[in-house]
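The lines below spell out each chain.
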Amino acid sequence: MKNIFFTPGPSELYYTAQEHIKQALKDQIPSISHRSKQFEAIFAETVQNLKTLLQIPDQFHILFTGSATEIWERMIQNGVEKHCFHYVNGAFSERFYQIGLELGKKATAYHAQEGSCAAIEAGQIPEDAELIAFTHNETSTGAAQPLEDIYAVRKAHPDKLIAVDAVSSLPYPDLDFQQVDSVFFSVQKGFGLPAGLGVWIVNEKFVEKSKKLQEKGIGIGSYHSLPSFLSKAMKNQTPETPNVLTLYLLAKVSGDMLQKGIAHIRKETEYKAALLYHTLENHTFLQPFVKEKKFQSKTVIVAETRQDSYSVISYLKNNQLIVGSGYGNYKPKHIRIANFPTHSKEQIEMLVDRINDLKNYTSA
Ligand SMILES: *Cc1c(COP(=O)(O)O)cnc(C)c1O
């Protein structure tokens, strides 16, 4: 029997990915020129499918990078002259903030407790901050910031740029793009694809900012600056030789998700998340790490173990169910479970059954 990966990235491939990979090899997709009409058609199909799937308005551009980590850096280079402000509640949001500092900006942060999210209040965001960074789904702890919080910040700060790391939540959240300026993800999480492609969604207001910085002589990067990206994206091309195979797979998988229907995917995600949280809440030695229901992620469910997490992880592994360990210092204390669109109800039910076996198996 094959393993099922419930790890929060890389994760189980989307269930149609294997067929698309076979077809791509048959059609020699990895060998085509990125300046060919065939490539331009793949680029256009990917952009169109993502725009439809995520309901991205027309004034947004969709650009492709090597990873989400790269986008953290590009975001700050292109959107910040002096000061960026970050809501931080775990390792990923902390890294985004640190990159601001490493790039020599005056980055500041509001730190919320790990396993929770900031309670948004007036006065948290400095007057002179140009960009506000949210991590919608903190993958290290399983805490998700409610979208309403992001919209409230938009309302209070209409002139600042709002950037949202939605790497481990998309395509699940029904995000209103009109209320943000940039959103990004990488494909090895919710989209269930091989790693090595980041997707950067950015509006005109953001592009204008990067051009202003450039005019002022501030470094915004070279081949992956926004103006460079856009000069190629206009022609459905990329500045460099991109990961053509994964771009092709993203076109196909987002097309499959469209066929399935995003509303259906969202409903299923909520059902599976409810099942997982219910299981944890009724367990003898596991419990949700995130206590406040409103902050519990639907796509990365983190359990705290009263004994070490290693025995839980290895019991599940012996049953071909691969879950993630805790992140960083939480490694021995947590297990992390991805609940992505590829994970079927039946697979989650199977996982839940094995987690329930553990009540008798190793109860401390
Ligand atoms: C995985 C992850 C990243 C980094 O993605 P890469 O593709 O590894 O660069 C960034 N932010 C969050 C929230 C993540 O989960």
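Residues numbered from 1 in each chain as written. Predicted model: local features only at pLDDT ≥ 70, side-chain atom pairs only at ≥ 80, totals over all residues. Heavy atoms only, no water.

Q: Even after reading the chapter, I still don't get the packing of aromatic side chains, so can you show me in this structure?
A: For any pair of aromatic rings, the description consists of the separation of the ring centres together with the inter-plane angle of the planes. The final tally for this structure, using the stated rule, is 14 aromatic pairs. Centre to centre, the rings of Trp72 and Phe96 are 6.0 Å apart; their planes meet at 25°, and the pair counts as stacked. Residue Trp72 is located in helix α3 (residues 68–79), and its partner Phe96 is located in helix α4 (residues 91–102); the two are separated by 24 residues in the primary sequence. Here Trp72 falls in the buried class, since its relative accessible area comes to 5%. Phe96 sits in the buried class, given a relative accessible area of 1%. Between Phe289 and Tyr330 the ring centres are 5.2 Å apart and the planes differ by 55°, which places this aromatic pair in the tilted class. One end of the pair, Phe289, is in the loop between β11 (286–288) and β12 (300–305); the other, Tyr330, is in the loop between β13 (321–325) and β14 (334–338), with 41 residues separating them in the sequence. The same class applies to Phe289 as to Tyr330, namely buried. Taken together, the ring pairs in this structure connect Phe85, Tyr87, Tyr110 and Phe134 into an aromatic cluster. Above the plane of the ring of Tyr271 lies Lys345, whose end atom (NZ or CZ) is 5.2 Å from the centre. (Phe/Tyr/Trp six-rings, centres within 6.5 Å; stacked < 30°, edge-to-face > 60°. Helix = DSSP H or I, 4+ residues; strand = E, 2+ residues; numbered from the N terminus. Buried < 20%, exposed > 50% of the residue type's maximum accessible area, 1.4 Å probe, protein only. Lys NZ or Arg CZ within 6 Å of the ring centre and 35° of its normal.)

Q: So what exactly am I meant to see when it comes to the nonpolar core here?
A: Nonpolar side chains tend toward joint burial in soluble globular proteins. Within the largest apolar cluster, 80 residues are counted, with the highest numbers of intra-cluster contacts made by Phe64 and Trp200. Grouped together as the second largest cluster of nonpolar side chains are 23 residues, Phe6, Ala273, Tyr315 and Ile335 included. (Core = buried A, V, L, I, M, F, W, Y, C linked by side-chain atoms within 4.5 Å.)

Q: Got a minute to help me understand unusual backbone geometry in this structure?
A: Excluding glycine, most residues fall at negative phi; most peptide bonds, likewise, are trans. With an omega of -5°, the peptide bond between Gly9 and Pro10 qualifies as cis. Residue Leu170 is joined to Pro171 through a cis peptide bond whose omega torsion reads 10°. Residue position: Pro171 is located in the loop between β8 (161–165) and β9 (182–186). Phi is positive for Asn236, which is not a glycine, with a value near 55°. Here Asn236 is to be found in the loop between α7 (226–233) and α8 (244–260). Although it is not a glycine, Gln320 sits at a positive phi angle of roughly 65°. Inspection of the secondary structure puts Gln320 in the loop between α10 (309–318) and β13.

Q: Which parts of the structure should I look at to understand the sheet that holds β12?
A: Backbone hydrogen bonds hold the strands of a sheet together, and the pairing may be parallel or antiparallel. If you trace the five strands from one edge of the open sheet to the other, you get β1-β13-β14-β12-β11, paired in mixed fashion. Of all strands in the sheet, those bounded by a partner on one side alone are β1 (4–6) and β11. Shown here is a sheet whose adjacent strand axes are inclined to one another by a mean of 35°, direction ignored. For β1 and β13, the ladder comprises three bridges, and the chain directions are parallel. Bridge assignment links Ile4 to a residue of β13, and that residue is Leu321. Of the strands in this sheet, β11, β12 and β14 are in contact with helix α9 (residues 262–281), which crosses β12 at around 5°. Seen against the sheet, α10 touches β11, β12, β13 and β14 and runs at an angle of roughly 155° to β13. (Pairing = 2+ DSSP bridges. Axes fitted to C-alpha atoms, helices over the stretch in contact; angles between N-to-C directions. Contact = heavy atoms within 4.5 Å.)

Q: Can you help me understand the side chain of Gln145 in this one?
A: Turning to its location among the elements, Gln145 is positioned in the loop between β7 (143–144) and α5 (147–156). Among the residues examined, Gln145 registers a relative accessible area of 4% and is labelled buried. A distance of 3.0 Å separates a polar atom in the side chain of Gln145 from the backbone oxygen of Ala118. What Gln145 contacts, discounting residues up to four positions off in sequence, is Cys117, Ala118, Ile120, Phe134, Thr135 and His136. (Polar contact = N/O pair within 3.5 Å; in protein donor to acceptor, adjacent residues only side chain to side chain.)

Q: Got a minute to help me understand the site of the ligand in this structure?
A: In the vicinity of the ligand there are 13 residues, among which Thr69, Thr139, Asp165, Ser186 and Lys189 approach most closely. Contact between the ligand and Ala68: an oxygen atom at 3.2 Å from a main-chain N or O atom of the residue. One of the side-chain N or O atoms of Lys189 is found 2.7 Å from an oxygen atom in the ligand. Protein contacts shield 88% of the accessible area of the ligand, which totals 380 Å² for the unbound molecule. Of all the elements, α3 adds the most residues to the shell around the ligand, at three residues. (Near = heavy atom within 4 Å. Areas by Shrake-Rupley, 256 points an atom, 1.4 Å probe, with all protein chains shown as cover.)

Q: How should I be thinking about the packing of α3 against helix α6 (residues 204–215) in this particular structure?
A: Helix packing geometry: the angle between the two helix axes and the distance between the axes. Between α3 and α6, whose axes approach to 7 Å, the crossing angle comes to 65°. Counting all contacts with α3, which are made through Met75, Gln77, Asn78 and Gly79, the residues of α6 involved are Phe206, Lys209, Ser210 and Leu213. Class assignment of the residues belonging to the contact of α3 with α6 gives a composition of three nonpolar, four polar and one charged. (Nonpolar A, V, L, I, M, F, W, Y, C, P; charged D, E, K, R; others polar.)

Q: Even after reading the chapter, I still don't get the pairing of strand β10 (residues 198–203), so can you show me in this structure?
A: Each regular strand carries side chains that alternate between the two faces of the sheet. Taken across its six residues, β10 has six buried, putting it largely inside the fold. Alternating residues of β10 divide into Gly198, Trp200 and Val202 and Val199, Ile201 and Asn203, and every residue in both groups is buried. Two strands pair when backbone bridges link them, and β9 and β10 are joined in this way by five bridges, in the antiparallel orientation. Paired with Phe184 across the bridge in β10 is Trp200.

Everything listed here is a matter of geometry and, on its own, says nothing about what the molecule does.
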